[in-house]
Amino acid sequence: MIPVQQIPGIIHRRVGDIVVTAVSDGYLDGSLDVLRDIDAAEAADLVRAAFRPIPRRTSVNCFLVRTADRTVLIDTGCGTAMQPTSGRLFANLDAAGVPLASVDTILLTHMHGDHSNGLTDADGQALFPNATVAMHAAEWAYWKDRANLAEVERSGRGVPYFDMAQRQMAPYLDRLELFESGEITPGIAAVPLPGHTPGHTGYRIASGADSLLIWGDIAHVPEVQIPRPEITVIYDVDPTQAEASRRRILAEVAASGELVAGMHLHFPGYAHVTRAGEKFGLVPEPWRQEM
Ligand SMILES: [Zn+2]
């Protein structure tokens with residue numbers, strides 16, 4: 001029989017005693033106009049040279065992290081609010097045999113719709129009945145304060161994010177945890193990477209000699225921003241700081257050889273970073289039978 005539908009988008013990756021599962025939320029198609037400081041034709045050449053669809057297909061990945069005693073979901077995808085090709089987190093968690101009620105902690109890399117819309121359903125009801133939601137203190141401080149909206153309105157970008165963020169967090173306010181950096185729970189540590197948003201945070205999963213850095217939105221269009229880390233996106237709240245965080249973490253993982261994963265690296269998003277002078281590259285990690 002000829003299949004008519006793709007198999008579920010879930011890939012396990014063991015990190016020491018911890019199992020990380022890349023869970024696809026699908027993808028978002030859009031234009032390359034989201035990139036700043038590069039001409040659209042040049043950006044298209046880079047994407048085309050990498051055999052990626054034109055104009056832009058952006059994977060949206062979430063990561064489930066299961067430690068000895070915790071079930072942690074990092075980001076919740078687009079929910080029902082974005083494109084029909086997204087919001088697949090729930091079907092994929094189901095296929096992985098993970099009930100939403102079993103998730104005890106949600107860690108957000110930041111509060112943009114493609115990361116936090118999945119916290120609630122279309123009516124604003126919480127989808128994760130037993131989860132606390134944790135994020136960097138600077139992240140919630142930014143999105144809860146509509147005074148920051150004035151600045152965003154001047155730039156003409158990202159206005160709906162304030163409404164989304166407040167609506168998504170409303171049913172979780174009595175189970176919200178804010179942090180600055182360091183260990184969240186044994187085996188998971190927060191790595192602040194500010195700039196894309198004020199509290200944008202990566203998470204380092206470590207067990208024994210193994211580690212994995214889930215770096216959130218360090219790259220939105222990897223074919224462009226890995227070789228050219230100076231290229232920012234229109235959604236960066238502070239583009240200068242976003243560029244600095246990207247350069248710093250790329251240099252760090254290229255030197256250490258640490259495995260990374262990204263919310264917008266092509267699914268499943270596990271990769272190593274190479275460096276030749278000031279130019280970085282991305283080498284996707286192959287699927288492994290042994291996880
Ligand atoms: Zn994003």
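Above this text is the structure in question.
Residues numbered from 1 in each chain as written. Predicted model: local features only at pLDDT ≥ 70, side-chain atom pairs only at ≥ 80, totals over all residues. Heavy atoms only, no water.

Q: Outline the pairing of strand E14 (residues 279–284), supporting the account with residue identities and numerical values.
A: Pairing of strand E13 (residues 270–276) with E14 involves six bridges; the strand directions are antiparallel. The residue bridging Val273 from the neighbouring strand is Leu282, located in E14. The loop that links E13 with its antiparallel partner E14 comprises two residues; one of these, Gly277, has a positive phi angle of about 65°. (Pairing = 2+ DSSP bridges. Helix = DSSP H or I, 4+ residues; strand = E, 2+ residues; numbered from the N terminus.)

Q: Tell me about the layout of surface pockets, residues and numbers included.
A: Within this model, the largest pocket holds a volume of roughly 580 Å³. Taken together, 18 residues line the largest pocket, and the ones lying closest to its centre are Gln6, Ile7, Pro8, Gly9 and Ser24. Of all the secondary structure elements, the ones that give two or more residues to the lining of the largest pocket are strand E1 (10–15), strand E2 (18–30), strand E3 (56–66) and helix H2 (89–95). Tallied by class, the residues present in the lining of the largest pocket amount to eight nonpolar, eight polar and two charged. (1 Å grid on protein atoms, 1.4 Å probe; cavity = no way out; pocket = protein on both sides within 12 Å on 5 of 7 lines; lining within 4 Å. Points joined across faces, edges and corners; volume = space filled by probe spheres on them. Nonpolar A, V, L, I, M, F, W, Y, C, P; charged D, E, K, R; others polar.)

Q: Describe the sheet that holds strand E9 (residues 188–192), naming the residues involved and giving the relevant values.
A: The strands that make up a sheet are held in pairs by hydrogen bonds between backbone atoms, and each pair lies either parallel or antiparallel. Taken together, seven strands build an open sheet; the order of strands is E8-E9-E10-E11-E12-E13-E14 and the sheet is mixed. Single-partner strands in this sheet number two, and they are strand E8 (182–185) and E14. Strand-to-strand twist in this sheet, taken as the mean axis angle between neighbours without regard to direction, amounts to 35°. Strands E9, strand E10 (201–207), strand E11 (210–214), strand E12 (259–261), E13 and E14 of the sheet are contacted by helix H8 (residues 239–256), whose axis makes an angle of about 95° with E13. (Axes fitted to C-alpha atoms, helices over the stretch in contact; angles between N-to-C directions. Contact = heavy atoms within 4.5 Å.)

Q: Account for the coordination of the zinc ion, with residues named and values stated.
A: Protein coordination of the zinc ion is provided by Asp114 (OD), His115 (NE2), Asp217 (OD) and His264 (NE2), with donor distances spanning 2.1 to 2.3 Å. Of note is the zinc ion, whose four donor atoms meet at the metal with angles of 83 to 178° in an arrangement that counts as irregular. Spacing between the donor residues of the zinc ion along their common chain follows D-H-x101-D-x46-H. Of this pair, His115 sits in helix H3 (residues 113–116) while His264 sits in the loop between E12 and E13, and the two are 149 residues apart along the sequence. Accessibility classification places His115 together with His264 in one group, the buried group. (Donors = N, O, S within 2.8 Å, 3.2 Å for Na, K, Ca; no water. Tetrahedral: all angles 85-135°; square planar, octahedral: opposite > 155°, others 65-115°. Buried < 20%, exposed > 50% of the residue type's maximum accessible area, 1.4 Å probe, protein only.)

Q: Describe the sheet that holds E3, and please don't skip the residues or the numbers.
A: Spatially, seven strands are ordered E1-E2-E3-E4-E5-E6-E7 in an open sheet, and the strand pairing comes out mixed. The sheet is open, and its two borders are formed by E1 and strand E7 (176–179), each paired with just one other strand. Between one strand and the next, the sheet's axes are offset by a mean angle of 25°, whatever the strand orientation. By the bridge criterion, six bridges tie E1 to E2 in an arrangement that is antiparallel. When the bridges of E2 are listed, Arg14 appears paired with Val19.

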